[in-house]
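# Overview (structure and organization)
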Amino acid sequence: MPSKTEGKGMKAGSQKKKKNVGADVEAKSAHRLAVLEKELLQDHLALRRDEARRAKASEDQLRWRLRVLEAELQEARSEGKAVYAEMSRQCQVLRKEMETRSRPLEEEVRGLREQLETCQREAEAAREGAEQALRERDQTLAQLRAHVADMEAKYEEILHGSLDQLLAKLRAVKPQWDGAVLRLHTKYKERLRQFGLNPLDL
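An unreviewed UniProt entry annotates the protein as Dynein regulatory complex protein 12 of Puma concolor. For the protein, the Sequence similarities (unreviewed entry) comment in UniProt is given as "Belongs to the DRC12 family."

Structure below.
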């Protein structure tokens, strides 16, 4: 039958294991949450980058179209004096057409630039949010580490206290055990002598 001291030791060990399992579950949950937050921020940033790339591509295409029109106009101007009158008319037509077409293009470019600026602001806000999330995660991890260290210190204190109590009890019963052992030793020596045996010869 286990002694009361052994029962207390088993109970303390069971409590320590339960608390260690709880601390592991809490740490794993915090780590999983930090990973999910990081993935969400990365997806958000990727979406913003894709929108910014599309806006830049549209702006580049509009600029290319303007350069094509300007090249056509320059070519028309360089045709020569022989067709100056016709070219002047064509230039006027081209200017009017370009003005007509450039206005919506300028508005489109202006709108795209505004969208790009908005995307850049949102990307900056997302970056700041990600940095804040990382700072909060680091703070949470530091708190968890401090909590774990405090729990370990408490467990160590409890263990030392239990061991000290056990040693104190062992020291208290040791004289009783020594006396019992001495009595048994004397008893068996006497019985050996009754059978004609010398205990020192054995």
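The discussion continues.
Turning next to the overall build of the protein. From N to C terminus, the protein includes 2 helices and 0 strands. Scored against the burial criterion, the 202 residues of the protein give a buried share of 11%. Surface accessibility of the protein: about 16600 Å² in total, with carbon and sulfur atoms responsible for 57%.

Applying the stated rule across the entire model yields 1 cavity of 30 Å³ or more. If you add up the space inside the largest cavity, you get close to 30 Å³. Within the residue set of the lining of the largest cavity, elements represented by two or more residues are helix 1 (4-77) and helix 2 (84-194). Residue composition of the lining of the largest cavity, by class: 4 nonpolar, no polar and no charged.

Two side chains carrying opposite charge are able to pair once their charged atoms lie near each other. If you walk through the whole model with that rule in mind, you get 10 salt bridges. E107 is paired through a salt bridge with R110; the nearest N and O atoms lie 2.7 Å apart. With a gap of 3 residues between them, E107 and R110 both fall in helix 2, about one helical turn apart. Connected via shared salt-bridge partners are R48, E51 and E122.

Moving on to a nonpolar patch on the surface. Together, L159, L163, L166, L167, L170 and W177 give the surface a local cluster of nonpolar side chains, amounting to about 540 Å² of exposed area. In this fold, L166 is placed in helix 2. Look at L166 and you get partly exposed, because its relative accessible area is 30%.

With that settled, consider the environment of R137. Here R137 is to be found in helix 2. C-alpha separation for the pair R137 and L33, spaced 104 residues apart in sequence, amounts to 9.2 Å.

Reading guide: rules and limits
- Position labels on residues start from 1 in each chain and follow its written sequence.
- This being a predicted model, a pLDDT of at least 70 is required before a residue's local features are given, and a value of 80 or more before pairs of side-chain atoms are given or counted; all residues contribute to the totals for chains, interfaces and linings.
- The basis for every side-chain value is the complete set of heavy atoms in the structure, and neither hydrogens nor water enter the calculation.
- UniProt positions are given in the numbering used here, feature names are shortened, and annotations may be inferred rather than shown by experiment.
- Only DSSP runs of H or I covering at least 4 residues are called helices, and only runs of E covering at least 2 are called strands; the numbering of each starts at the N terminus.
- Accessible area is worked out with a 1.4 Å probe on protein chains only. A residue is then buried under 20% of its type maximum, exposed over 50%, and partly exposed in between.
- Each accessible area value is a Shrake-Rupley result obtained with a 1.4 Å probe; residue values ignore everything except the protein chains displayed when judging cover.
- Put plainly, a pocket is an open set of points on a 1 Å grid over the protein atoms alone with protein on both sides within 12 Å along at least five of seven lines, a cavity is a set where a 1.4 Å probe fits but cannot get out, and a lining residue has an atom within 4 Å of a point.
- Grid points are joined across faces, edges and corners, and a volume is the space filled by probe spheres set on the points.
- Three classes are used, and their members are as follows: Ala, Val, Leu, Ile, Met, Phe, Trp, Tyr, Cys and Pro are nonpolar, Asp, Glu, Lys and Arg are charged, and the others, Gly among them, are polar.
- Counted as salt bridges are all cases of a side-chain nitrogen of Lys or Arg within 4 Å of a carboxyl oxygen of Asp or Glu.
- Patch rule: a residue counts if its relative accessible area is over 30% and it has no salt bridge; like charges are joined within 9 Å, and nonpolar side chains (Val, Leu, Ile, Met, Phe, Trp, Tyr) within 5 Å.

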